[in-house]
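What follows is each chain in one-letter form.
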Amino acid sequence: MEINGNSNDVLHIVLFPFFAFGHISPFVQLSNKLSIHGVKVSFFTASGNANRVKSMLNSAPTTSIVPLTLPQVEGLPPGAECTAELTPVTAELLKVALDQMQPQIKSLLSNLRPHFVLFDFAQDWLPKMADELGIKSVYYSVFVALSTAFLTCPARVPQPKNYPSLEDMKKPPPAFPHTSVTSVKTFEAQDFLYMFKSFHGGPTVYDRVLSGLKGCSAIIAKTCSQMEGPYIEYVKSQFKKPVFLVGPVVPDPPTGELEERWGNWLNKFELGSVIYSSFGSETFLTDDQIKELALGLEETGLPFFLVLNFPANIDVSTELNRVLPKGFMERVKERGIIHSGWVQQQQILAHSSVGCYVCHAGFSSVIEALVNDCQVVMLPQKGDQFLNAKLVSGDMKAGVEVNRRDEDGYFGKQDIKEAVEMVMMEEPGKLFRENQKKWKEFLLNKDIQCKFIEDLVYEMKDMAKISTN
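Here the residue numbers are simple positions, counted from 1 along each chain's written sequence. Totals for whole chains, interfaces and linings use every residue, but because this is a predicted model, local features are given only for residues with pLDDT of at least 70 and side-chain atom pairs only at 80 or more, for both listing and counting. Side-chain numbers come from the whole structure's heavy atoms, not from hydrogens or water.

By the naming in an unreviewed UniProt entry, the chain goes by Glycosyltransferase and is assigned to Solanum pennellii. UniProt positions are given in the numbering used here, feature names are shortened, and annotations may be inferred rather than shown by experiment. Recorded under Sequence similarities (unreviewed entry), the UniProt text for the chain is reproduced unchanged: "Belongs to the UDP-glycosyltransferase family."

The following block contains the structure:
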């Protein structure tokens, strides 16, 4: 078996995401697209995540999983190998473990000899290591270009370690393009300051990202110029290196039928009348947020399917009884479902009765809504989600963001009701529906989406000096 990727004409790429499924999923989606084009992929992931990753990857003979051994780190529970199994505080220790894995990674890369290694935000040491081994390193940004442009470009911190203040973070960095994004709210800027905090003596997220972006041979961004032209140009001008675009990486259509109990329930309602609301498996709303969201959905008068998740070891029914307003479940029993745990989200969004998706503005979730004729209402919770919401509502005009209080992000039931009505009612929702249709057409155009990957493979073969015939 030929294991030296540099000695033949098959492009060989190592994909190495951070140990969080919000990062692993876009790497898997890219791997699946690359494998269709005959690219050999070696997928690095913690051994504890390998089975789940395997179930997500297309079974291509050119794709293999390389399991990694996480070192023991004080405070990191044994066997915990992704952020989903940890609190935000202990999840920081995954970066400590990652930093201690450099000898293991170097040994694997030496043996595999790929043409490229695609890495994530946390492996700031990888470009130098790859360079020493004669391997090209490519930073794969799983965030929108607006996020990179606003948060993690050199202009944000002109003097090393002279990190921005809260007031600085409310404004874009110098020379930022003229778009709908002119400022952010206080509570959003406060959240962004996390980027400049050091944990366990390690580099800040900002410093990790900047080292990776400055040190790599090229950047791959999960976006396209149709959605983010000005931000992509700004990133190019800031880093002065090739930026390859893979498009928003539209998920494959769901396989399998929707579970009968949910299908039967949704079938009871009119076309496009149901609100589906979910915030991902690792986002937990506060008591106040749950209460106001639930009351807001009730006040719309429309049927709704609300998915709420809670940290592990919490009794869900006890928690819901404690948090939800008295008599709420009884009042909405004919038209409301509150569920905790995994559901077939893609199948639900594809159901003809579902017309609105209230979500945390994770970009993959927004794309799922746009391709399924769902109007998008965004209630971002952290980090890049705030900027995704601004891109979709301000630049793309394809959704609405829930109005929030400047200082702390508080929203009330009326804010939820008004946002839903803005996209669901005939007149105010007209612009959003027109734009959603336009973006759906673009996203489902197989020729356009396929060309992103074809162009990427061509560019990488060119960089690796492999024949592109």
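### Some remarks on helix 19 (residues 413-424)
Helix and strand definitions here come from DSSP, where helices need a minimum of 4 consecutive H or I residues and strands a minimum of 2 consecutive E residues; each element is numbered from the N-terminal end. Helix span, expected: 1.5 Å multiplied by one less than the number of residues in the helix. Taking 1.5 Å of rise per residue, 12 residues should cover 16 Å, and helix 19 covers 16 Å from first to last C-alpha, within 8% of that figure. Accessibility here uses a 1.4 Å probe with only protein chains present; expressed as a share of the type maximum, an area under 20% marks a residue as buried, one over 50% as exposed, and anything in between as partly exposed. All of the buried residues along helix 19 are Asp 415, Ile 416, Lys 417, Ala 419, Val 420 and Val 423.

### What about empty space enclosed by the protein?
Over the atoms, a rolling probe the size of a water molecule traces out where space has been left empty. Think of a 1 Å grid over just the protein atoms. A cavity is a set of points where a 1.4 Å probe fits yet cannot get out, a pocket is an open set with protein on both sides within 12 Å along at least five of seven lines, and lining residues have an atom within 4 Å of a point. Grid points are joined across faces, edges and corners, and a volume is the space filled by probe spheres set on the points. With the rule as written, the count across this model stands at two cavities of 30 Å³ or more. Here the largest cavity is characterised by a volume of approximately 60 Å³. Taken together, Ser 141, Phe 143, Ala 145, Thr 148, Leu 213, Ile 219, Ala 221, Ile 232, Val 235 and Val 243 form the lining of the largest cavity. Secondary structure elements with two or more residues in the lining of the largest cavity: helix 7 (145-151), strand 6 (218-221) and helix 11 (225-239). In this count, Pro and Cys sit with the nonpolar residues alongside Ala, Val, Leu, Ile, Met, Phe, Trp and Tyr, while Asp, Glu, Lys and Arg are called charged and the others, Gly among them, polar. Of the residues that constitute the lining of the largest cavity, the class distribution is eight nonpolar, two polar and no charged. The calculated volume of the second largest cavity comes to roughly 50 Å³. Taken together, Ser 278, Phe 279, Gly 280, Thr 283, Phe 284, Leu 285, Ile 290, Val 307, Leu 308 and Asn 309 form the lining of the second largest cavity. The residue inventory of the lining of the second largest cavity, partitioned by class, reads six nonpolar, four polar and no charged.

### Points about the nonpolar core
By nonpolar core we mean a set of buried residues, namely Ala, Val, Leu, Ile, Met, Phe, Trp, Tyr and Cys, connected to one another through side-chain atoms within 4.5 Å. Grouped together as the largest cluster of nonpolar side chains are 108 residues, with contacts concentrated most on Phe 16 and Leu 109. When residues of this core are assigned to their parent elements, the largest contribution, six residues, is made by helix 11. Setting aside residues no more than four positions away along its own chain, Leu 109 makes contact with Val 14, Phe 44, Pro 114, Val 117, Leu 126, Met 129, Leu 133 and Ile 135. Throughout, a residue-residue contact means that at least one pair of heavy atoms, one from each residue, lies within 4.5 Å.

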